[in-house]
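What the coordinates show
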Amino acid sequence: LQRDYLLDKERQTFEHIYYGFEQEKVSLDKIDIKILSELSKNCRSSSVEIAEKIGKTYHTVQDRIKILEKKKIIQSHRILIDVSKIGRLYYKALVNFSVVSKDEEKAIFTFCNGKNYIVYLVEVLGGWDLEVEMEVEKEEEVVNFIRELRNKFSEKIIDYSIIKVQKQHKLD
């Protein structure tokens, strides 16, 4: 999901981006791995900068990145924003559902998509079924979101927990 609140606009579409989910195995060579390594350090690195670091031409790097995107190995170029510096609070709502059908799942995602302060939906295995990541102006928005979610999907929600994220750390 995008940070549509930065543009003060409502979100129009919802597109699934799968992280950590492989539909098919793809083999990577050393060049691909070096490119991915450089992009993971700085997703804004240019093809020229990456080429210099890995000893290849920028055309090779550009072509490889396009192939990695086409194969859905590179699914997005994500930045890490210190939301506190732009007057936002970062929360996660952890939600556990009873069994939901595909249509009910789509309804939940569509509902969340309608909130421009929700920046990520993460389906997880383990104690929770869904992580809803929010960057809000006021804590009240989180409370209202949970209230609306519980009212709309009351038969499906087993439990939930809210976490206020104080600080994120990017690991190299």
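Presented here is a report on the structure given in the accompanying data block. All of these numbers come straight from a predicted model, not from anything done at the bench.

This brings us to the environment of E69. Within the secondary structure, E69 sits in helix 3 (residues 58-70). Leave out the neighbours within four places in its chain, and E69 touches I74 and H77.

Moving on, we come to the pattern of salt bridges. Tallied over the entire structure, the rule returns 10 salt bridges. The salt bridge involving R88 is made with E137; its shortest N-O contact spans 3.7 Å. Separated by 49 residues along the polypeptide, R88 in the loop between helix 3 and strand 1 (89-97) and E137 in the loop between strand 3 (130-136) and helix 5 (139-152) bring together distant segments of the chain. Residues E104 and K156 are paired through a salt bridge, measuring 3.4 Å at the closest nitrogen-oxygen approach. In this pair, E104 sits in helix 4 (residues 102-113) while K156 sits in the loop between helix 5 and strand 4 (157-165), placing the two residues 52 residues apart along the sequence. The exposure class assigned to E104 is partly exposed, which follows from its relative accessible area of 27%. Several salt bridges converge on common partners, so that one network encompasses D29, D32 and R64.

By secondary structure assignment, the location of S47 is in helix 2 (residues 47-54). Among residues more than four places away in sequence, those in contact with S47 are Y58, V61, Q62 and I65.

It is worth spelling out the nonpolar core at this point. Formed by 20 residues in total, the largest nonpolar core has its most connected members in I108, I118, V132, M134, F145 and L149. Going through the elements one at a time, strand 1, helix 4, strand 3 and helix 5 are the ones with two or more residues in this core.

Relative to strand 3, strand 2 (residues 118-123) is paired through five bridges, and the arrangement is antiparallel. The residue of strand 3 that forms the bridge with I118 is M134.

Buried within helix 2 we find S47, I50, A51 and I54. Buried residues of helix 2, viewed axially, fall in a sector of 100°; they line one side. Opposite the buried face of helix 2, by more than 90 degrees, sit the exposed residues E52 and K53. Along its buried surface, helix 2 packs onto helix 1 (30-41) and helix 3. G55, located one to two residues past helix 2, shows a positive phi value of around 75°.

The rules behind these values
- Residues numbered from 1 in each chain as written.
- Predicted model: local features only at pLDDT ≥ 70, side-chain atom pairs only at ≥ 80, totals over all residues.
- Heavy atoms only, no water.
- Helix = DSSP H or I, 4+ residues; strand = E, 2+ residues; numbered from the N terminus.
- Contact = heavy atoms within 4.5 Å.
- Salt bridge = Lys/Arg side-chain N within 4 Å of Asp/Glu carboxyl O.
- Buried < 20%, exposed > 50% of the residue type's maximum accessible area, 1.4 Å probe, protein only.
- Core = buried A, V, L, I, M, F, W, Y, C linked by side-chain atoms within 4.5 Å.
- Pairing = 2+ DSSP bridges.
- Arc of directions from axis to C-beta.

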